[in-house]
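Residue-level structural notes
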Amino acid sequence: MTRRLAEVAKKVGVSEATVSRVLNGKPGVSAATRQAVLSALDVLGYERPTQLRGDRARLVGLVLPELQNPIFPAFAEVIGGALAQLGLTPVLCTQTKGGVSEADYVALLLQQQVSGVVFAGGLYAQADAPHDHYRLLAERNIPVVLVNAAIEHLGFPAVSCDDAVAVEQAWRHLASLGHERIGLVLGPGDHMPSARKLTAARAVAGHLPDEFVARAIFSIEGGHAAASRLIDRGVTGIICASDPLALGAIRAARRKGFGVPSQVSVVGYDDSAFMNCTEPPLTTVRQPIEAMGRAAVEVLNAQIGGVAVPSEELLFEPELVVRGSTAQAPRD
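For every chain, the first residue of its written sequence is number 1, and the numbers climb from 1 along that sequence. Totals for whole chains, interfaces and linings use every residue, but because this is a predicted model, local features are given only for residues with pLDDT of at least 70 and side-chain atom pairs only at 80 or more, for both listing and counting. Only hydrogens and water are set aside when side-chain values are computed; all heavy atoms of the structure are taken into account.

Cis geometry marks the peptide bond from V260 to P261; its omega dihedral reads 15°. Counting through the fold element by element, P261 comes out in the loop between α10 (243-255) and β9 (265-270). Here the bond from E279 into P280 is cis, since omega is 0°, no more than 30 degrees from zero. Relative to the helices and strands, P280 resides in the loop between β9 and β10 (283-286). For H153, which is not glycine, the phi dihedral falls at a positive 75°. Think of it this way: any DSSP run of H or I at least four residues long counts as a helix, any run of E at least two long counts as a strand, and we number them from the N terminus. Looking at where H153 falls in the secondary structure, it is placed in the loop between β4 (144-147) and β5 (158-161).

Angles run from 0 to 180 degrees between N-to-C directions of axes, and those axes are lines fitted to C-alpha atoms, restricted for helices to the stretch in contact. Where helix α4 (residues 71-85) contacts helix α11 (residues 289-304), the axes come no closer than 9 Å and their chain directions differ by 45°. Put simply, α4 runs oblique to α11. The hand of the α4/α11 crossing is right-handed. Residue-level contacts link I71, A74, F75, V78, I79, A82, L83 and Q85 of α4 to I289, E290, M292, G293, R294, V297 and L300 of α11. Classifying every residue of the contact of α4 with α11 by side-chain character gives eleven nonpolar, two polar and two charged. Any angle that falls under 35 degrees is termed roughly parallel, while one over 145 is termed roughly antiparallel, one within 65 to 115 roughly perpendicular, and all others oblique. Helix crossings get a hand from a simple test, with the near helix turned counterclockwise from the far one by less than a right angle marking a left-handed crossing and a clockwise turn marking a right-handed one. The contact definition used throughout considers only heavy atoms, calling two residues in contact when any of these lie within 4.5 Å. Only Asp, Glu, Lys and Arg are considered charged, only Ala, Val, Leu, Ile, Met, Phe, Trp, Tyr, Cys and Pro nonpolar, and every remaining residue, Gly among them, polar.

Note on pairing: two strands pair once DSSP finds at least 2 bridges between them. The parallel open sheet is built from six strands, whose spatial order is β2-β1-β3-β4-β5-β11. The two strands at the open ends of the sheet, each matched to only one other strand, are β2 (89-94) and β11 (313-316). For this sheet, the mean inter-axis angle between neighbouring strands, taken without regard to orientation, is 20°. With three bridges joining them, strand β3 (residues 116-119) and β4 adopt parallel strand pairing. When the sheet's bridge partners are listed, F119 is paired in β4 with L146.

To continue, consider the pattern of salt bridges. Throughout this description, the term salt bridge denotes a Lys or Arg side-chain nitrogen within 4 Å of a carboxyl oxygen of Asp or Glu. Across all of its chains, the model carries eleven salt bridges by this definition. Taking the shortest distance from any N to any O, the salt bridge between K197 and D163 comes out at 2.5 Å. Separated by 34 residues along the polypeptide, K197 in helix α8 (residues 192-205) and D163 in helix α7 (residues 163-176) bring together distant segments of the chain. Categorising residues by exposure relies on relative accessible area from a 1.4 Å probe, with only protein chains included: less than 20% of the type maximum marks a residue as buried, more than 50% marks it as exposed, and the intermediate range marks it as partly exposed. With a relative accessible area of 3%, D163 lands in the buried category.

The next thing to look at is the sheet that holds β9. Strand order in the open sheet formed by six strands is β7-β6-β8-β9-β10-β12, and the pairing between neighbours is mixed. Each edge of the sheet is formed by a strand with only one pairing partner; in this case those strands are β7 (213-215) and β12 (319-321). On average, adjacent strands in this sheet sit at an angle of 20° to one another, irrespective of strand direction. Sheet analysis places strand β6 (residues 182-186) next to β7, joined by three bridges and oriented parallel. Bridge pairing in β7 links L184 to V213. Strands in contact with α10 are β6, β8 (237-240), β9 and β10; relative to β9, the strand with the most contacts, it is inclined by about 160°.

Relative to β10, β9 runs parallel, the two being bridged by four bridges. Within β10, the position partnered with V267 by the bridge is T283. Alignment of β10 against β12, held across three bridges, turns out to be antiparallel. Within the sheet, the bridge partner assigned to V285 lies in β12 and is L320.

Below, the discussion takes up helix α5 (residues 102-111). Among the residues of α5, E102, Y105, V106, L109 and L110 are the ones counted as buried. Considered in projection along α5, the buried side chains sweep an arc of 140° and stay on one side of the axis. Where α5 is buried, its residues touch β1 (59-64), β2, β3 and α6 (132-139). Of the residues flanking the end of α5, it is Q113, one or two places downstream, whose phi is positive at about 55°. Think of the arc as the fan of directions from the helix axis to the C-beta atoms.

Nothing here speaks to function; it is geometry throughout.
The structure is reproduced here in structure tokens:
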């Protein structure tokens, strides 16, 4: 007990006597200090006293698949801010290669007795990935909201950008510039948002040759490799499933000696940070992350408050942002 008091006091920067007053529910401690002590208990892995465990109901898990793509920190900022305005504290869980898995994070969040979880990307978007931890959350009746397209039958409400509209906007933009050989750089075959984008592209194109569709891991390097294949097949316009993929596509074109946008036009997806500062500035389809993030928190908070929320998907309209990476198709 003495060791616990000392560790928590050091973590917070208060006296052991102050920590003791908080743990015993005594008066004379400010609300901010009290919350800091309780948070330190959680961070250090100590169990709260029984009478204080209810405070954990103010914790909400925020699970991100990565931080390298700027769109995920942007979602975290919006969602975290909206949670804070409601007096809820986000517990950020970020996956890294070879690190803690999504299932491990869910187990940790359940141990922390969180009152809800927001997934801003994750294994729910991959049909071939393990999904048992989502079923565990459902069995425990933990409020959950998913951001962007998920596999069917998970039974959670979702807040998504409309992938079909995004591809239609990008395709029609390139077509209006005279591009006839338009290709796609998408995520893996089991990735649900990419599957929606492919379906929409086939619908708007009428006929989309299989060789004009390239799969990639979501990274600049993945975009480079996939776009290289498309350029070798004669594609002049490339629509990518993320901004990092699009940056890779621009690099691939340049490495092959093609000008962007004079010979190859590239469209990204997300409009993440600094895409207006690239060379050339990236034409991309913007996800309305502010509206989506706030909607996700509203849906989660309703569930926490006991309101029955339909397990349906709220679709948000994307916006084409035309910059300098697209231009008239080259003349043969």
